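The chain contents come next:
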Amino acid sequence: MATVLRSKSFQRNLLLSVGGVFLLFAVCFSVYQYQREKEYKIDILHSRLQMYNYEMAQTLGEDSLTNSQLFRNYVERHQVEGLRVSLIDLKGRVILDSYDTNVDSLGNHLQREEIQQALRDGNGYDIKRMSQSTHETYFYSATRFGDVIVRAAVPYSAELTRSLQADNTYIYFAGVLTLLLGIVLYYITHRISRHIGYLREFAVKAEEGEELDRELEHRLPHDELGDISHTIIMLYWKLRHSEEDKLRIKRQLTQNAAHELKTPAATIHWYLESILDNPGMQEDKKRHFLERCYAQSERMSKLLLDMSALTKLDELDDNKTITRQAFCQVDVLQVIQNVLDDTSPQLHDKGITPSLQLPRHVEVLGDQSLIYSIFRNLIDNAIVYATGASHLEIVCSEIETDGRHFYEFLVRDDGPGVEAQHLEHLFERFYRTDKGRSRKLGGTGLGLAIVKNAVAVHGGTTTALSSPGGGLTIRFTLARF
């Protein structure tokens, strides 16, 4: 119910804000248009009276305008109903008037609006002003000709008032258009509000942990708003699945770690218990038991170190931006030489001969300890699991992907290899192709998982392949410096 109310509130606010702006614009435009049309009609009337003034001046001549007889004859010949014509000098005194022969009683007109405009601009008008002599309301239009101002005036009658009023047709048209646009606006805001309500309902259910209905996605529109909503929902599902996968991996890691630690812990406990329960045990047997305890403790220590490394890599993967800011230039060839020097005794014992096919300069931007961990775990993996292998090759070549330059590394052995169905699972934590045999060999099941995560922190990818002719190939990429 709260979602519906908030949705309606959003619709109301959106409708009022957008509709209010449009209505204000419509009112302002109507007022402006009304005033403009009224001024236009006043200008037409002013122009007509101006034409009358010019025709009088042209017919009589500017020098004869003040001739009383000629003036009255012209007014009589060109009589217009209600028209009143006056001649006024530049000091505002009335020289002649078609209505009143006693011009001295008309007073001074210098301060009249139309006279002031005529003196300043050559012509002017005044609207709806009452005459002091006739007590009628007139529309005045004055024109200056030399030292004389001709002023024509028509009564401001009801008919003239109607003619000067703006046409209201466009106001009705604007009202109808506003109503139609209001309906369209209401429909649009209602539609937007409804779909935002769907999205908010989804968000509320997600926040409160309620059962989410995927049917909600089908109610979204097939437009830009729907695309944005679908993207948000898809991001939510991906995030939720990602969180579920993380929880699953953590649970799996905890269970597997407990399972892996249980065996060496139980073995150590059994050997130590046997030694304590048998004080007279022979020294060679006691030494054998202690050596087995030491071997199992080494295995536990290696397992704990690998788990700690994976936890660190997970944290680095969640903060890639911060991690990459701490990256520096790393000479990969030097790192590989260091790993081969550190593992030389084990390689010699297994009869494995390493070979390198790398460019002279292989430099990447990364963390030196993590890159060391990548090659160390791969070589340790070959030492432990590549039974009977005699060669270990490390090959590097430069490739370009999506405009970016990478180094592609291949670490391959000629051992028994791995069956095809296991290849895609090799980088999973604690995954073993042969669990019993793998534990006897001493591996923790975390080495390749560490490799994959360390490569991912550097923006690369990792793949397991079967080597041509047998054996296992681990392919991974690192961005070139």
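Conventions adopted
Residues numbered from 1 in each chain as written. Predicted model: local features only at pLDDT ≥ 70, side-chain atom pairs only at ≥ 80, totals over all residues. Heavy atoms only, no water. Phe/Tyr/Trp six-rings, centres within 6.5 Å; stacked < 30°, edge-to-face > 60°. Helix = DSSP H or I, 4+ residues; strand = E, 2+ residues; numbered from the N terminus. Buried < 20%, exposed > 50% of the residue type's maximum accessible area, 1.4 Å probe, protein only. Pairing = 2+ DSSP bridges. Axes fitted to C-alpha atoms, helices over the stretch in contact; angles between N-to-C directions. Contact = heavy atoms within 4.5 Å. Parallel < 35°, antiparallel > 145°, perpendicular 65-115°, else oblique. Left-handed = near helix turned anticlockwise from the far one by under 90°. Nonpolar A, V, L, I, M, F, W, Y, C, P; charged D, E, K, R; others polar. 1 Å grid on protein atoms, 1.4 Å probe; cavity = no way out; pocket = protein on both sides within 12 Å on 5 of 7 lines; lining within 4 Å. Points joined across faces, edges and corners; volume = space filled by probe spheres on them. Arc of directions from axis to C-beta. Polar contact = N/O pair within 3.5 Å; in protein donor to acceptor, adjacent residues only side chain to side chain.

### Considerations on the packing of aromatic side chains
Moving on, step 1. In this structure the tally under the stated criterion is eight aromatic pairs.
Moving on, step 2. A ring pair is formed by Tyr 54 and Phe 145, whose centres lie 5.1 Å apart and whose planes are at 90°; its orientation type is edge-to-face. With a gap of 91 residues between them, Tyr 54 in helix 1 (residues 2–60) and Phe 145 in strand 4 (residues 137–145) connect regions that are remote in the sequence.
Moving on, step 3. Judged by centre distance (5.6 Å) and plane angle (80°), the ring pair of Phe 375 and Phe 409 falls under edge-to-face. With Phe 375 in helix 11 (residues 368–385) and Phe 409 in strand 10 (residues 404–413), the pair connects residues that are 34 residues apart, well separated along the chain. In this pair, the class of Phe 375 matches that of Phe 409, namely buried.
Moving on, step 4. Of the aromatic side chains, those joined through ring pairs into one cluster are Phe 375, Phe 409 and Phe 476.

### Details of the sheet that holds strand 11 (residues 462–466)
Moving on, step 1. Taken in spatial order, the five strands make up an open sheet running 7-9-10-12-11, and their pairing is mixed. Both outer strands of the open sheet, strand 7 (353–357) and strand 11, are each paired with one neighbouring strand and no more. Each adjacent strand pair in this sheet contributes to an overall mean axis angle of 20°, direction not counted.
Moving on, step 2. Pairing analysis gives five bridges linking strand 7 to strand 9 (residues 391–401), with the strands arranged parallel. Each bridged residue has a counterpart across the sheet, and for Thr 353 the counterpart in strand 9 is His 391.
Moving on, step 3. Contacting strand 7, strand 9 and strand 10, helix 10 (residues 332–350) crosses the sheet at an angle of about 170° to strand 7.

### Section: the packing of helix 11 against helix 14 (residues 447–457)
Moving on, step 1. Between helix 11 and helix 14, the shortest axis-to-axis distance is 9 Å and the interhelical angle comes to 150°. The angle between the axes of helix 11 and helix 14 places the two elements in the roughly antiparallel class. When the axes of helix 11 and helix 14 are compared, the crossing they make is left-handed. Touching Leu 370, Ser 373, Ile 374, Asn 377, Leu 378 and Asn 381 of helix 11 are Gly 447, Leu 448, Ile 450, Val 451, Ala 454, Val 455 and Val 457, all from helix 14.
Moving on, step 2. Each residue belonging to the contact of helix 11 with helix 14 can be placed in one class, and the counts come to nine nonpolar, four polar and no charged.

### A few points about empty space enclosed by the protein
Moving on, step 1. The tally for this structure, following the rule as stated, stands at one cavity of 30 Å³ or more.
Moving on, step 2. When its volume is computed, the largest cavity comes out at roughly 50 Å³.
Moving on, step 3. Lining the largest cavity are Leu 378, Asn 381, Ala 382, Leu 392, Val 411, Asp 413, Leu 472 and Ile 474.
Moving on, step 4. For the lining of the largest cavity, the leading source of residues is helix 11, giving three residues.
Moving on, step 5. Counted by class, the lining of the largest cavity contains six nonpolar, one polar and one charged residues.

### A few points about helix 2 (residues 68–77)
Residues spaced three or four apart along an α-helix point in a common direction, a consequence of the helix completing one turn every 3.6 residues.
Moving on, step 1. Phe 71, Tyr 74 and Val 75 are the residues of helix 2 that are buried. Buried residues of helix 2, seen end-on, are gathered within an arc of 100° and therefore sit on one face of the element. Turned more than 90 degrees off the buried face of helix 2, the exposed positions are Gln 69, Glu 76 and Arg 77.
Moving on, step 2. Sitting at the amino-terminal end of helix 2 is Asn 67, which places a side-chain oxygen 3.1 Å from the backbone nitrogen of Gln 69.

### Quick look at the pairing of strand 12 (residues 472–479)
Moving on, step 1. The element strand 12 is largely enclosed, with a buried count of seven among its eight residues.
Moving on, step 2. Pairing of strand 10 with strand 12 involves seven bridges; the strand directions are antiparallel. Across the sheet, Glu 408 pairs through a bridge with Thr 477, a residue of strand 12.
Moving on, step 3. Direction of pairing for strand 11 relative to strand 12: antiparallel, over a ladder of five bridges. Its bridge partner lying in strand 12, Ser 466 is registered against Leu 472.
Moving on, step 4. In this structure, the hairpin formed by strand 11 and strand 12 is closed by a connection of five residues, where Gly 469 is found at a positive phi of approximately 85°.

### Structural notes on the packing of helix 10 against helix 11
Moving on, step 1. Orientation of helix 10 relative to helix 11, taken along the N-to-C sense of each, is 25°, at an axis distance of 9 Å. As far as their axial angle goes, helix 11 and helix 10 are roughly parallel. In the packing of helix 10 onto helix 11, the handedness of the crossing is right-handed. On the side of helix 10, the interface is formed by Val 332, Val 335, Ile 336, Asn 338, Val 339, Leu 340, Asp 342, Thr 343, Gln 346, Leu 347 and Lys 350, while helix 11 contributes Gln 368, Ile 371, Tyr 372, Phe 375, Arg 376, Ile 379, Asp 380 and Ile 383.
Moving on, step 2. A breakdown of the residues in the contact of helix 10 with helix 11 according to their chemical character gives eleven nonpolar, four polar and four charged.

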